[in-house]
Amino acid sequence: MIAAILAAKKLELRKLFLPFDPSLPSMEIPGLELVYIETVQDVLDVLSGQQLLPFARGVEEKVEHPIIERNFNQIIGHEFAKQALEIAASGEHFVLMDGPPGCGKSLLAETFYSILPPLSKEAQLEKISLYQLAGAPYTSITRPPYRHPHHSASAVSIIGGGTNPKPGEVSLAHRGVLLLDELGEFSKKTLDMLRQPLENESVTISRAHSTVNYPATFIFIAAMNPCPCGYYGSKDQYCTCSDKQIKTYKGRVSGPTLDRMDLLLSLKPVNLKDHDFVGIESSEDIMKRVCAARERQYLRYGREICNGSVPFEELINKSPLTAGQQNELQRLCINQGLSNRVQIKIIRLARTISDLEGEETITEDALTKSLSLRKLVRPSPASLTGEGNGMVYK
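What counts, and at which threshold
- Residues numbered from 1 in each chain as written.
- Predicted model: local features only at pLDDT ≥ 70, side-chain atom pairs only at ≥ 80, totals over all residues.
- Heavy atoms only, no water.
- Salt bridge = Lys/Arg side-chain N within 4 Å of Asp/Glu carboxyl O.
- Helix = DSSP H or I, 4+ residues; strand = E, 2+ residues; numbered from the N terminus.
- Pairing = 2+ DSSP bridges.
- pLDDT = per-residue confidence, 0-100.
- Contact = heavy atoms within 4.5 Å.
- Core = buried A, V, L, I, M, F, W, Y, C linked by side-chain atoms within 4.5 Å.
- Buried < 20%, exposed > 50% of the residue type's maximum accessible area, 1.4 Å probe, protein only.
- Phe/Tyr/Trp six-rings, centres within 6.5 Å; stacked < 30°, edge-to-face > 60°.
- Lys NZ or Arg CZ within 6 Å of the ring centre and 35° of its normal.

1. Thoughts on the pattern of salt bridges
Summed over the entire model, instances satisfying the criterion amount to 20 salt bridges. Across the pair E92 and R294 runs a salt bridge, and its minimum N-O distance is 3.8 Å. Taken together, the positions of E92 in the loop between helix 3 (79-91) and strand 3 (95-98) and R294 in helix 12 (residues 283-301) put the pair 202 residues apart, joining distant regions of the chain. Taken together, the salt bridges that share partners define one network made up of E199, D259, R260 and R341.

Structure, rendered in structure tokens:
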């Protein structure tokens, strides 16, 4: 029913009669009057000017139970990776992490959810409508959705579909996070089907009797091992995989899929002897900076959209590069043989880094950091705050 309400809003209807349902949250949609009724006689009474029923003003919000979640102050080391995830949360950028088992990939990916800002009222209604269409339960209205499908999940369950089309995991992650752990274990067909929602932020499902379109604007987080056994390139463990096995394993993630990732992080295990267990920044502190950076983006674009999703023409008009920045970026990308899509993603990253630093324009330092996040150049020592980050640069 909420999906129908949002559709009525787009059609610019002014009054909508709804069946009373105490399980729905109270809704206030500007420009659209919602009237809750139980019988057809109630509709006639309202149209004849009689007093509205007591419950016509809306229903009570669903009581939310506190969710126990991870916190960044529980993660030792990986300072550069934490900074990268903060950038990803601020601009809604995609992240791919690789490294041997036990280096912290899954922990960082699962903790990422704790630095995301609460959903706006409109985003809450979109979330509830998608979960109602899918018949899936949810625990919180205000928190962004977090979906973590197993690698054995079918392509239909992830993308959506069926005889009577229903939203898949990519749509249930709308306005939130989709985490694919052990990315190399997913089938190549499933990963290739992710290209459309990653690029278009929507999923179109066509059947003989209907065609439906579900939104799919989410932050994509992926983690994988460097090889089937997980120890390729490790200094402490011996890799037992053949060259053919490694090539087949990495071949499941195609070049076009890698092109759509904004940040590429390669992690290594952290030596706990080199780190203190106190003074580690909490998720709450990081979330404050993420919220501030997003507010700058909303103000710049005049709507609730981030650098990772805004049309590139609009981004470059609002934040043009200097001639020197354009020439340097082109030179590096030509030397590395990078596609135009990757160049655009580097500019988007630089804009988000500048927003986190409170800069009105894209700075030279932000552009350098964005290049380091694509593993093009080594960052300056000042941009790293500790060892054990495990970054690998070409």
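More follows now that the structure is in view.
2. With respect to the sheet that holds strand 7 (residues 177-180)
Spatially, the 5 strands line up as an open sheet ordered 4-7-10-3-11, and their pairing is parallel. Single-partner strands in this sheet number two, and they are strand 4 (146-147) and strand 11 (263-266). For strand 7 and strand 10 (residues 219-224), the ladder comprises 4 bridges, and the chain directions are parallel. Each bridged residue has a counterpart across the sheet, and for L179 the counterpart in strand 10 is I221.

3. Section: the confidence of the model for the protein
Per-residue confidence for the protein averages 83 on the pLDDT scale, and 88% of its residues sit at or above 70. Contacts of residues 56-66 to residues separated by more than four positions or lying in other chains number 22 contacts, the stretch itself having pLDDT below 50. The low-confidence segment residues 376-394, where pLDDT is below 50, has 47 contacts with residues more than four positions distant or belonging to other chains.

4. Thoughts on the nonpolar core
In terms of nonpolar packing, the biggest core is built from 46 residues, with V95, M97, L108, F112, I221, L265 and L373 touching the most fellow members. Among the elements that line this core, the one with the most residues is helix 3, at 7 residues. Look past the residues within four positions of I221 in its chain and what remains in contact with it is V95, M97, A109, F112, V177, L178, L179 and L180. Among the nonpolar cores identified, the runner-up in size contains 26 residues, and L180, L183, L198 and F218 belong to it.

5. Some points on the packing of aromatic side chains
Given two aromatic rings, their pairing is described by the distance between the two centres and the angle made by the two planes. Inspection of every chain in the model, using the stated rule, returns 5 aromatic pairs. Ring plane angle 55° and centroid distance 5.3 Å describe the contact between Y113 and Y146, whose orientation is recorded as tilted. With Y113 in the loop between helix 4 (105-111) and helix 5 (121-134) and Y146 in strand 4, this pair connects stretches of sequence that are 33 residues apart. Both rings, one in Y131 and one in Y138, keep their centres 5.9 Å apart while their planes meet at 80°; by these two values the pair is edge-to-face. Across the pair, Y138 and Y131 agree in class, each one buried. The ring of Y113 is capped by R143, whose NZ or CZ atom sits 4.9 Å from the centre of that ring. A cation sits over an aromatic face here: R300 above Y301, 5.2 Å from the ring centre.

6. Some words on the environment of P226
Residue position: P226 is located in the loop between strand 10 and helix 10 (243-251). The class for P226 is buried, based on a relative accessible area of 8%. In the structure, P226 is positioned 125 residues away from P101 in sequence and 9.4 Å away in space, judged by C-alpha atoms. With near-sequence residues (within four places) excluded, P226 lies in contact with G99, P100, Y232, I246, Y249 and K250.

7. Considerations on the environment of L267
Counting through the fold element by element, L267 comes out in the loop between strand 11 and helix 12. Given a relative accessible area of 1%, L267 falls into the buried group. A sequence separation of 168 residues divides L267 from G99, and the C-alpha atoms of the two residues are 4.9 Å apart.

8. Some thoughts on the side chain of K345
Here K345 is to be found in helix 15 (residues 340-356). With relative accessibility at 10%, the residue K345 sits in the buried group. Apart from residues lying up to four places away in sequence, K345 is in contact with F94, D259, R260, M261 and D262.

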